[in-house]
Amino acid sequence: MPERDRKPPDAIDRRIMRELAKEGRLTAAELGERVGLSSSPVWQRVKRLEADGYIEGYAAILNARQLGLMQTIIIEVTLERHDDEIVERFGTALAECPEVIEAYLTTGEYDYFIKVAVDSTEGYERFLREKLYRIPGIRHTRSCFALRCLKRLVSPVPEV
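Small disclaimer: the values here were computed from a predicted structure and weren't measured.

J.: Go over the overall build of the chain with me, naming the residues and quoting the values.
T.: Looking only at helices and strands, the chain features 5 helices and 4 strands. Counting from the amino terminus, helix and strand elements in the chain follow one another as α-α-α-β-α-β-β-α-β. Over its C-alpha atoms the chain spans a radius of gyration of 20 Å, topping by over 25% the 15 Å that the globule rule assigns to 160 residues. When the backbone C-alpha atoms are referred to their principal axes, the chain occupies close to 55 × 40 × 25 Å. Scored against the burial criterion, the 160 residues of the chain give a buried share of 31%. A fraction of 66% describes how many contacts in the chain between residues 6 or more apart in sequence connect residues 24 or more apart. As displayed, the chain offers around 11100 Å² of accessible surface, 51% of which is attributable to carbon and sulfur atoms.

Spelled out as structure tokens, the structure:
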């Protein structure tokens with residue numbers, strides 16, 4: 001649908017997105033009950049929100065500790081240069097690393113903000129030596145080990 005034909009989400013749409021952000025496996029009936037609509041109009045609104053790109057997808061949230069990934073590390077990376085080839089190569093290489101669970105190209109002192117999950121400090125050292133430091137173009141990195149997660153959202157939750 002062309003952007004000009006899209007209608008912005010109204011209060012009900014925002015409530016629908018808010019409920020799905022909290023619990024993506026709700027049935028249309030359960031979702032309708034929570035937002036005050038019957039199943040059919042809720043289903044139509046969800047399909048429209050998906051088609052318009054407000055809802056990108058649904059995911060299971062996995063427990064890193066249960067998977068044996070006991071360490072979460074935030075890495076800030078500065079590249080030597082910022083030409084298109086180095087930036088593209090770096091981004092592609094990061095996307096291929098299963099330890100990388102988030103990566104952002106940023107402004108400021110560092111060029112990238114990367115979040116990795118590994119089994120141990122030894123696993124982190126292995127990730128650095130065998131993967132990250134083998135990517136050409138890195139000038140400097142700084143690492144911080146996360147002690148505890150205080151808040152984690154998979155996506156922003158719209159105000160109602």
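There's plenty left to go through after this.
J.: Could you give an account of the side chain of E99, with specific residues and numbers?
T.: Summarising the element assignment, E99 is placed in the loop between α4 (84-95) and β2 (100-105). Looking at E99, the relative accessible area reads 16%, which means it is buried. Excluding residues within four positions of it along the chain, E99 makes contact with K115, V116, A117, V118, F127 and K131.

J.: Break down helix α5 (residues 121-130) for me, citing the residues and quoting the values.
T.: Among the residues of α5, those classed as buried are G123, Y124, F127 and L128. Taken end-on, α5 shows its buried residues confined to a sector of 140°, consistent with a single buried face. Where α5 is buried, its residues touch β1 (71-79), β2, β3 (112-118) and β4 (138-145).

J.: Requested: an account of the packing of helix α2 (residues 28-35) against helix α3 (residues 39-51), with residues and values cited.
T.: Helices that pack against each other are described as a pair by the angle of their axes relative to one another and the distance between those axes. As a packed pair, α2 and α3 sit with axes 8 Å apart at the nearest point and diverge in direction by 95°. Relative to α3, the element α2 lies roughly perpendicular. Contacts between α2 and α3 involve A28, A29, L31, G32 and V35 on the former and, on the latter, S39, V42, W43 and V46. Of the residues belonging to the contact of α2 with α3, the class tally is 7 nonpolar, 2 polar and no charged.

J.: Outline the sheet that holds β1, supporting the account with residue identities and numerical values.
T.: As summarised here, the arrangement of the 4 strands in space is β2-β3-β1-β4, forming an open sheet in which the pairing is antiparallel. Strands with a single pairing partner mark the edges of an open sheet, and in this sheet they are β2 and β4. The average angle at which neighbouring strand axes cross in this sheet is 20°, direction not considered. Pairing analysis gives 5 bridges linking β2 to β3, with the strands arranged antiparallel. Looking across to β3, one finds that A103 is bridged to I114. Packing of α4 onto the sheet brings it into contact with β1, β2, β3 and β4, and relative to β3 it is tilted by some 20°. Its contacts with the sheet place α5 against β1, β2, β3 and β4, and it is angled at close to 135° to β3.

Each value, and the rule that gives it
- Residues numbered from 1 in each chain as written.
- Predicted model: local features only at pLDDT ≥ 70, side-chain atom pairs only at ≥ 80, totals over all residues.
- Heavy atoms only, no water.
- Helix = DSSP H or I, 4+ residues; strand = E, 2+ residues; numbered from the N terminus.
- Rg over C-alpha atoms; globule rule 2.2 N^0.38 Å.
- Buried < 20%, exposed > 50% of the residue type's maximum accessible area, 1.4 Å probe, protein only.
- Contact = heavy atoms within 4.5 Å.
- Areas by Shrake-Rupley, 256 points an atom, 1.4 Å probe, with all protein chains shown as cover.
- Arc of directions from axis to C-beta.
- Axes fitted to C-alpha atoms, helices over the stretch in contact; angles between N-to-C directions.
- Parallel < 35°, antiparallel > 145°, perpendicular 65-115°, else oblique.
- Nonpolar A, V, L, I, M, F, W, Y, C, P; charged D, E, K, R; others polar.
- Pairing = 2+ DSSP bridges.

Read these as spatial facts, not as claims about activity.
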